[in-house]
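Examination of the molecular architecture
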Amino acid sequence: MFADKESFKQAYLMKLLEGEGLTLNEATLWDKFSALVILLKEKISMYRAVNRNSQSLVKQVYYFSMEFLIGRLLLNYLINFKIEDLVREGLADLSIDLDDLLEQEADPGLGNGGLGRLAACFLDSMAFLGIGGHGNGIRYKYGLFEQKIVSGNQVEVADNWLTNGYPWETCKPEEAIVVKLKGNVRTDIIDGRLTFFHENYESVLAVPYDVPIMSYDNTLSINTLRLWSAKPICGELDLACFNRGEFNLTSSYESEVETISYILYPDESSRAGRELRLKQEYFFVAAGLGSIVRDYKKRHNSSSLQGFSRWVAVHINDTHPVLCIPELMRILLDEEGLGWNEAWNITVNTISFTNHTIMPEAMEKWPIDLVKSLLPRIYLIIEEIDRRFKEDLKRRFMDDEETIGNTQIFKDGYVRMANLAIIGCSSVNGVAKLHTDIIKNEIFRDFYRIFGYKFNNKTNGVNYRRFLLAANPKLSHLITDAIGPNWKEDAAELKKLHGLKDNSSFLEQLAKVKYENKCRLVERIKKTQGLILDPASIFDVQVKRIHAYKRQLLNVLKIMHLYNKALNDPESLTGSHTFIFGGKAAPGYHYAKTVIKLINALSRKIEQDPKVNKKLKVVFIENFNVSQGELIYPAADISEQISTASKEASGTGNMKFMMNGALTLGTLDGANVEIKEAVGEENIFIFGLNAEQVLNYTRNGGYKSWDEYHANSVISTCVDQLRGGFFENMGEEFRVLYDSLLIYNDEFFVLKDFPSYIDTHKKLQALYLDQKSWNRISLVNMAESGVFSSDRSIREYADGIWKIKYRNVNNLTSH
Ligand SMILES: *Cc1c(COP(=O)(O)O)cnc(C)c1O
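Residues numbered from 1 in each chain as written. Predicted model: local features only at pLDDT ≥ 70, side-chain atom pairs only at ≥ 80, totals over all residues. Heavy atoms only, no water.

Pairing within the open sheet is antiparallel, and its three strands lie in the order β13-β15-β14. Edge positions in the sheet fall to β13 (365–367) and β14 (410–411), since each has one partner strand and no second. With two bridges connecting them, β14 and strand β15 (residues 414–416) associate as antiparallel partners. By the bridge assignment, F410 is partnered in β15 with V415. (Pairing = 2+ DSSP bridges. Helix = DSSP H or I, 4+ residues; strand = E, 2+ residues; numbered from the N terminus.)

As structure tokens, then:
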């Protein structure tokens, strides 16, 4: 890449000069950052160009996702190229601090949370494993809002991440695709064949912006994240309009079009019943498939798509891109002239689907009228898919009323997107073992009887090179010193850490690194929020989206209980505790916003109480995002993973904490179950109802939250404190939380799990006093975290779903 420091410096100074015509003295920090990015981007393009010619044709994977939460790239790419030190020193010679440049980079908020972050982790692992795997998504002009806390409340600020431009992207206007909306469909018999013509449609131009995806130490495999931006088509028609003086018509069309890629919908689990969202979904599906088909024909030098599914896999991340199914059918039928059966086989064999949720209210569905008017041809195709599916059920004697009711695509005036996905793809996977079991046996039981062969599990994983290697440099050095460097390419190598579990000096070094990471976070919070934290206290952390099922409220009630106890008996608290929260609430989600307010009210209450404020502290970290996560996960002692069992599909935060040595306090939900399998029950702290018990209550009733309230004065005291008097100047603010627990019978079993949560937390508190045992458990968690690398997930997707080869990393690491 760069022969040495001097040649880097030379190339870098040239880049500054070429790009903006700037000398070092004239350049701003942004210019300096931007020049470094462009220099790297060009190197990456060069590697791609060199390797493209030497590569034979291989199957390509396209990962369609409404969200990609990629985080900042610069540091990761320097690490991936193994040039961080060289660049840091070279820049230092020029009196530039690399860390200042890193801070210039925007953290693109093109996702809400776990689902979007998973897509980003998968892009890295596909590139790492040498798979031709590309992302396809939307280039939102405004990402997820930036969160500010003003007098305890969440305030949303627009995330204008493109103001300075985004130097990682390259616009490819010559590869734009025309997307057609609205209009009507005319049919005609042409050469004895029923033919469909989409007429009077509105055209939207989809313009791609490509971000190169390059992973650790693998310049052979450079992939692309292609993000689409909507632009009006400036054709002659518009000009004619304009000339006639119909300015308004033109400009309203223009602004309407541009709103398609304007904002990311800020909620991952309740459907915004908005036409714009459906437009977004079709927009990036049609653009993505259009460009894939064009590219396929070029690469294969073929005008036919008959071999398409052998060479192309399209994966859809949740149901948002499910229109891939009817859209690919449309291309094959209307543009390529294939018959239904042939088109259907190609489509089903090309597409695979990941389900992310089991909450019925979060299942995506669209009003039939809306689909019909916005996507008239797509609607007809969905109708035909549904008709043929039901015919097939009849042939197989599975057409009883209940099965049809549960599986058909249309119901009560809606198109059910998950049903369309399952019928039209070759593979349906859940994201953790427990989640997949629930899919098979509960929510999609009937589909599982019909299409049992399609269902499979692919437990989530995370890019540990981002969340451990890059985010926790001190721990990474320690690990490399102990077990050598191969763990950076093969996460299973982390198991070698077991060999150090009786090495007191190593365990002490681990504790020291944790302490230093806590100091790093303390510094940051002091700088950004003016709060002073004690790095010697236990950092007990819950960072994730704020949601009723994730039960931040349970955590708050626990802290209220500890506070109450400490007031009566200050000695009851062993050690001092810092409770850290972070996470965004959807702007329209009143309950979640109230939880944020409650956390901040409790924080203030405790802070102002000299009897306890030395031992207890509560902080809410503003604007939790990937960059914040990279500071927070390495600094945690306790990882709070306390969702109501059966509700969290997998979780990935749990994995990031674990690999950084935090101990999990959690329920048997999502991937926590597999973390327990990996580390053994003595190395994880589990409490509460299990999924079966929760599902039983939900099915058969029998839970009364008032009973828990009356049976236990610890519970009633804390719950009553939500009702006024306890928090200064607060009236009925927290009523919605109180009511959820008692008036609406505690849907998420907060009170039911409260006593066992308190007990289990108490055990952890006692354990912390025994530092040696604590550090040993921490070590076991790191050692067993390798299985939660997204490299492992992607190998399983490649073997089981995409049927595609990847590079063998074991061979690589032996050299
Ligand atoms: C990992 C991650 C998440 C997912 O966290 P969970 O605890 O699994 O809900 C959400 N947001 C960001 C920024 C993340 O990095």
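Once the structure has been displayed, the description carries forward.
Position of V736 relative to the elements: it lies in helix α30 (residues 735–742). For V736 and D93, which are 643 residues apart along the polypeptide, the C-alpha to C-alpha distance reads 58 Å. If sequence neighbours within four positions are ignored, V736 has contacts with H590, Y591 and T594. (Contact = heavy atoms within 4.5 Å.)

Counted according to the given criterion, the structure contains 34 aromatic pairs. Judged by centre distance (5.1 Å) and plane angle (55 degrees), the rings of W30 and F33 are tilted. Highlighted residues: W30 and F33, both in helix α2 (residues 29–54), separated by three residues, approximately one helical turn. Neither residue differs from the other here; W30 and F33 are each classed as buried. Ring geometry for F447 against F451: centres 6.3 Å apart, planes inclined by 10 degrees, an arrangement best described as stacked. Judged by relative accessible area, F447 falls into the buried class, the value being 1%. (Phe/Tyr/Trp six-rings, centres within 6.5 Å; stacked < 30°, edge-to-face > 60°. Buried < 20%, exposed > 50% of the residue type's maximum accessible area, 1.4 Å probe, protein only.)

Moving on: a nonpolar patch on the surface. The grouping of V150, V155 and V157 at the surface amounts to a nonpolar patch, some 190 Å² of accessible area in total. Within the element layout of this structure, V155 appears in strand β4 (residues 153–159). Given a relative accessible area of 33%, V155 falls into the partly exposed group. (Patch = residues over 30% accessible without salt bridge, like charges linked within 9 Å, V, L, I, M, F, W, Y side chains within 5 Å. Areas by Shrake-Rupley, 256 points an atom, 1.4 Å probe, with all protein chains shown as cover. Salt bridge = Lys/Arg side-chain N within 4 Å of Asp/Glu carboxyl O.)

Moving on, we come to the site of the ligand. Near the ligand, the surroundings consist of 14 residues, among which K544, K550, T652, G653 and K656 are the closest. Within the side chain of K656, a nitrogen or oxygen atom sits 2.6 Å from an oxygen atom of the ligand. Out of a free accessible area of 390 Å², the ligand has 95% covered by protein chains. Elements with a minimum of two residues in the shell around the ligand: α6 (114–128) and α25 (653–659). Within the shell around the ligand, the residues separate by chemical class into four nonpolar, six polar and four charged. (Near = heavy atom within 4 Å. Polar contact = N/O pair within 3.5 Å; in protein donor to acceptor, adjacent residues only side chain to side chain. Nonpolar A, V, L, I, M, F, W, Y, C, P; charged D, E, K, R; others polar.)

With that out of the way, let us pick up helix α23 (residues 590–607). The terminal C-alpha atoms of α23, which comprises 18 residues, lie 26 Å apart, in line with the 26 Å expected from a rise of 1.5 Å per residue. With 13 of 18 residues buried, α23 is to be regarded as a mostly interior element. (Expected span 1.5 Å × (residues − 1).)

The subject of this paragraph is the pattern of salt bridges. Under the defined criterion, the tally for this structure stands at 55 salt bridges. Between E391 and R387 there is a salt bridge whose closest N-O contact spans 3.1 Å. Of this pair, E391 and R387 both sit in helix α14 (residues 376–395), four residues apart, which is roughly one turn of that helix. A residue is classified by how much of its surface remains accessible, and E391, at 39% relative accessible area, is partly exposed. With relative accessibility at 40%, the residue R387 sits in the partly exposed group. Among the ionic pairs, D739 bridges to R735, the shortest N-O distance being 3.0 Å.

Moving on, we come to the UniProt feature "modified residue: N6-(pyridoxal phosphate)lysine" (unreviewed entry) in the protein chain. Per the UniProt entry, the sites bearing "modified residue: N6-(pyridoxal phosphate)lysine" (unreviewed entry) are K656 in this numbering. Mapped onto the secondary structure, K656 falls in helix α25. Here the side chain of K656 touches Y633 through a polar contact of 3.5 Å, side chain to side chain. (UniProt positions renumbered as here; feature names shortened; annotations may be inferred.)

The residue Q552 is located in helix α22 (residues 552–568) in this model. Owing to a relative accessible area of 1%, Q552 belongs among the buried residues under this scheme. A distance of 3.3 Å separates the side chain of Q552 from the backbone nitrogen of H547, its partner in a polar contact. With residues near it in sequence (within four places) discarded, Q552 still touches Q542, K544, R545, I546, H547, F581 and V595.

This part is about the sheet that holds strand β20 (residues 616–621). If you walk across this open sheet you meet the six strands as β20-β19-β18-β21-β22-β23, and the pairing is parallel. The sheet is open, and its two edges are formed by β20 and β23 (685–686), each paired on a single side. Inspection of the sheet shows strand β21 (residues 638–641) paired to strand β22 (residues 663–666) by four bridges, in the parallel sense. Paired with S639 across the bridge in β22 is T664. Seen against the sheet, α23 touches β19 (577–582) and β20 and runs at an angle of roughly 145 degrees to β20. (Axes fitted to C-alpha atoms, helices over the stretch in contact; angles between N-to-C directions.)

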